[in-house]
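What follows is the residue order along each chain.
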Amino acid sequence: MAPPPPPGPVASASRPSHVLRPHHVLILWILVAGLYPLEDNPDPPQFLLALHRVLLDEIAEVRPPRSYRVIQDKISMAALSSNRGHGREFIQALGNLHQAFQTPDDLSMFFQTLPMLFIDREDDESARFSRRSLFGYFCHRCFVTFTKLSIAGVARLHHDFLEWLKFKPDSRFVQPPGYAPIRRDIITNDYQIFKTKYDKREYATADTYALFMKGVITGDSNVANEGLRRFFEQKFHEGSDSGLRQHAMLNLARMYYLRGEMVACRKTLEEAVTTARTAGDNATLQHCTSLLHRLPVLPFERGKKPIINEIQPQMHPLEILYDAKKLLVIESQQPLTAAYEKIMQAVGLYDHYIDVQGGLFRESEQYAQHAVQSIIWNIFGCSKLARIEEDIVISFTEYGSEDNTRLAVTLNRAYDKARQGKYVAAISGLLEPEVWRGLDIADYNLWAGEIWHVLALRASRRGQQRQLQEYLIPRRPDVEYSARDYQWSKDSPVGSLIRDPLHDVLMMRRADHAHTAVDQLLTTLWHAEYQGRYAFYRTAVVLLADIGLEFGMTKWCRRILDEVMPQIMSENDLEQKGFALFILARCAIAAGESSPDALREALIYLSEAERCFEKLDMFAAQADVQFLLAVVHQNLGDSAERDAAAERHEQTRARREEAHACIVEEWVEDTWALVADVGIAIASR
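Just so it is clear, the model here is predicted, and its values are computed rather than measured.

Enquirer: Got a minute to help me understand the nonpolar core in this structure?
Expert: Within soluble globular proteins, side chains that are nonpolar tend to cluster in buried spots. Counting 78 residues, the largest nonpolar core has Trp-447 and Leu-472 as the members making the most contacts within it. With 11 residues, the single largest contributor to this core is helix H29 (residues 574-591). In this view, Trp-447 contacts Leu-411, Leu-430, Leu-431, Val-435, Trp-436, Leu-439, Val-675 and Val-678; residues no more than four positions away in its chain are not counted. Formed by 43 residues, the second largest nonpolar core is a distinct cluster that contains Ile-30, Ile-71, Phe-118 and Leu-165.

In structure tokens, the structure reads:
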């Protein structure tokens, strides 16, 4: 989960100077020629509604200005449903707009008529727009700005407007005419005849901060550092010291955090904390402290528990939600209910943050708690509840955006699909453009890492060790990985109180010495049950029943498996289900002393286990099940079924050898080449 964006360093006041652009002239012309008093309006309601939507979008400036052709096309489409003459006349006049502004005098005469839109007449006749309305304020502001223009300024605006009418949007991001930055200069300022003190000074703009964000998105640290430096070196107010150095340090630390440079992030945050305390900026100090608590412990602090935040007035809700992630770490030795308590606190703090503190509403932050809940339900072993939480996030967030919450849910869902044996479907879903289109370089690394994990999971299950060792591992992105994740390894422990002992038990089982690992298995069982990690708990119970067979405890093994099998069948994790059914079949045979009834019961379990492993392409486990199936059919005297099972066993063995000999599959190479191309496209924006 990415840290929340830092608080805005610039007050939300309007810029001290207003520059007329070509699209302003077009909007003013539409206000004059297209909108009439309600009782005199000749336009149909549908056309009038579309016209208002276009005007509101452009005046509010919630997006970059549209080109003349785009605005003309949107209004023309709305006029198609109009059967009245005024709509057609308006579209025709809009298409011939260059004829109405042939000279600068025509432009000046047009602006002289603007006061009638927002100034009431002496005969008590109301103006078309109220001066305090959005349209009235826009007209008044543009009129005042035009009045300040010199003759050269009017001529330049007229030339830019005519060139803008002929301009076609360029795919190479060529700047449209009339939108070049205007630098205010006392000496060379010849485009204004009336100059206020604000017109003679260069105040802060967001252009350089956009350059910083571009560097963060593309992973270019030089561009990001230079853009941030230039932004905070601007003039924000009349004082000699901007007092915003702590904001610069916080933005720099956040960039280091997203890139995984934790040492640089820690040093920058420590300096930002000192600066914020000196400046008395409590809000920024709270952000710096919360981000500092996210950083991993230092090497000499190994074993130290992560710091859990207490709710503070200036704290962002995502920081409390991140505490739930800290509590989900197995080494915290906390039950999952503690993480749920933090989620509830984050929900309450989010409501207070929006309703009382007046915080900025972000859609991704609203649904972040649902994404965390889906992760916790998966750890609980309740995947169906997790799917519900994931559906909430997917349904109400925007696809193709840079939303980290939606990305996290998409990645988790793809990996769960891969665990069910749908490897190609999982990867094809992640390769959809709506998933990676809006990613920055940090989120791209997560996306590429998830594709790598799916490919590694498939290779390890199929026994393709050469593909895993010689192709995938050398190309692994910078994501969390342990050698024990996808292969048997005595080294590189995960550092988990549950996974490491469970891994040791499985390794001893492969060496036929599982009975020597009972202590590790009981440790796993205790921690898994206490912390509520029932997916691990069910696997440990199945292994305990398997070890119990070696001690001749057949009845007890059958009983503990019967108790846990309803949970395993309802969860429908195919790998866990196939393994449990295989052990249950062995328990049924042993408890029934190989009687015909016990053998027939075991056939049901073994047949289902074979189907599970076949879906997962787990050739080694599938061959073991097929071998036991052939033995059971032999004991029942069913030679035809025995031969069929033996034939399937031979086919599985051949597929296993073929997969092991394959160094790299062509479609895997093509997939990884596509992942690399996406990364190149993101970095070259």
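Enquirer: Quick question: what am I supposed to make of the confidence of the model for the chain here?
Expert: It should be kept in mind that the predicted coordinates are not to be read in detail where pLDDT is low. For the chain, per-residue confidence averages 86 on the pLDDT scale, and residues scoring 70 or more make up 90% of the total. Highest mean pLDDT in the chain belongs to helix H21 (residues 423-430) (95); lowest belongs to helix H4 (residues 85-95) (76). Taken as a whole, residues 9-16 scores under 50 in pLDDT and shows 11 contacts with residues more than four places along the chain or in a different chain.

Enquirer: Would you mind showing me how to read the pattern of salt bridges here?
Expert: Think of it this way: side chains of opposite charge can pair up when their charged atoms draw near. One pass over the structure, following the stated rule, counts 36 salt bridges. The partner of Arg-66 in a salt bridge is Glu-58, with the nearest N and O atoms 3.0 Å apart. In this structure, the salt-bridge partner of Glu-575 is Arg-419, at a minimum N-O distance of 3.8 Å. Separated by 156 residues along the polypeptide, Glu-575 in helix H29 and Arg-419 in helix H20 (residues 404-419) bring together distant segments of the chain. Using a relative accessible area of 25% as the deciding quantity, one classes Arg-419 as partly exposed. Taken together, the salt bridges that share partners define one network made up of Arg-387, Glu-390, Asp-391, Arg-413 and Asp-416.

Enquirer: Would you explain unusual backbone geometry in this entry?
Expert: Outside of glycine, negative phi angles account for most residues, and trans bonds account for most peptide bonds. The phi angle at Asn-572 is positive, at roughly 60 degrees, despite the residue not being glycine. Inspection of the secondary structure puts Asn-572 in the loop between helix H28 (554-571) and H29. Positioned with a positive phi, Glu-593 is a non-glycine residue whose angle comes to about 55 degrees. Take Glu-593: it is sitting in the loop between H29 and helix H30 (596-616).

Enquirer: Help me understand the packing of helix H1 (residues 22-34) against helix H2 (residues 45-60), please; the structure alone is not making it clear to me.
Expert: Packed helices, taken two at a time, are described by their axes: the angle between them and the distance between them. Running from amino to carboxyl end, H1 crosses H2 at an angle of 150 degrees, the nearest separation of the two axes being 11 Å. Our classification of the angle between H1 and H2 gives roughly antiparallel. For the crossing formed where H1 meets H2, the hand is left-handed. Contacts between H1 and H2 pair His-23, Ile-27, Ile-30, Leu-31 and Gly-34 from the former with Leu-51, Leu-55, Glu-58 and Ile-59 from the latter. Across the contact of H1 with H2, the residue classes break down as 6 nonpolar, 2 polar and 1 charged.

Enquirer: Looking at this structure, I do not really get the packing of aromatic side chains. What am I missing?
Expert: Within this structure, the stated rule accounts for 20 aromatic pairs. Consider the rings of Trp-452 and Tyr-481, whose centres lie 5.3 Å apart with planes at 90 degrees: the pair is edge-to-face. With Trp-452 in helix H23 (residues 441-462) and Tyr-481 in the loop between helix H24 (465-472) and helix H25 (499-510), this pair connects stretches of sequence that are 29 residues apart. An aromatic cluster of at least three residues, connected via ring pairs, comprises Tyr-68, Phe-101, Phe-110, Phe-111, Phe-146, Phe-161 and Trp-164.

Thresholds, definitions, all that
- Residues numbered from 1 in each chain as written.
- Predicted model: local features only at pLDDT ≥ 70, side-chain atom pairs only at ≥ 80, totals over all residues.
- Heavy atoms only, no water.
- Core = buried A, V, L, I, M, F, W, Y, C linked by side-chain atoms within 4.5 Å.
- Buried < 20%, exposed > 50% of the residue type's maximum accessible area, 1.4 Å probe, protein only.
- Helix = DSSP H or I, 4+ residues; strand = E, 2+ residues; numbered from the N terminus.
- Contact = heavy atoms within 4.5 Å.
- pLDDT = per-residue confidence, 0-100.
- Salt bridge = Lys/Arg side-chain N within 4 Å of Asp/Glu carboxyl O.
- Axes fitted to C-alpha atoms, helices over the stretch in contact; angles between N-to-C directions.
- Parallel < 35°, antiparallel > 145°, perpendicular 65-115°, else oblique.
- Left-handed = near helix turned anticlockwise from the far one by under 90°.
- Nonpolar A, V, L, I, M, F, W, Y, C, P; charged D, E, K, R; others polar.
- Phe/Tyr/Trp six-rings, centres within 6.5 Å; stacked < 30°, edge-to-face > 60°.

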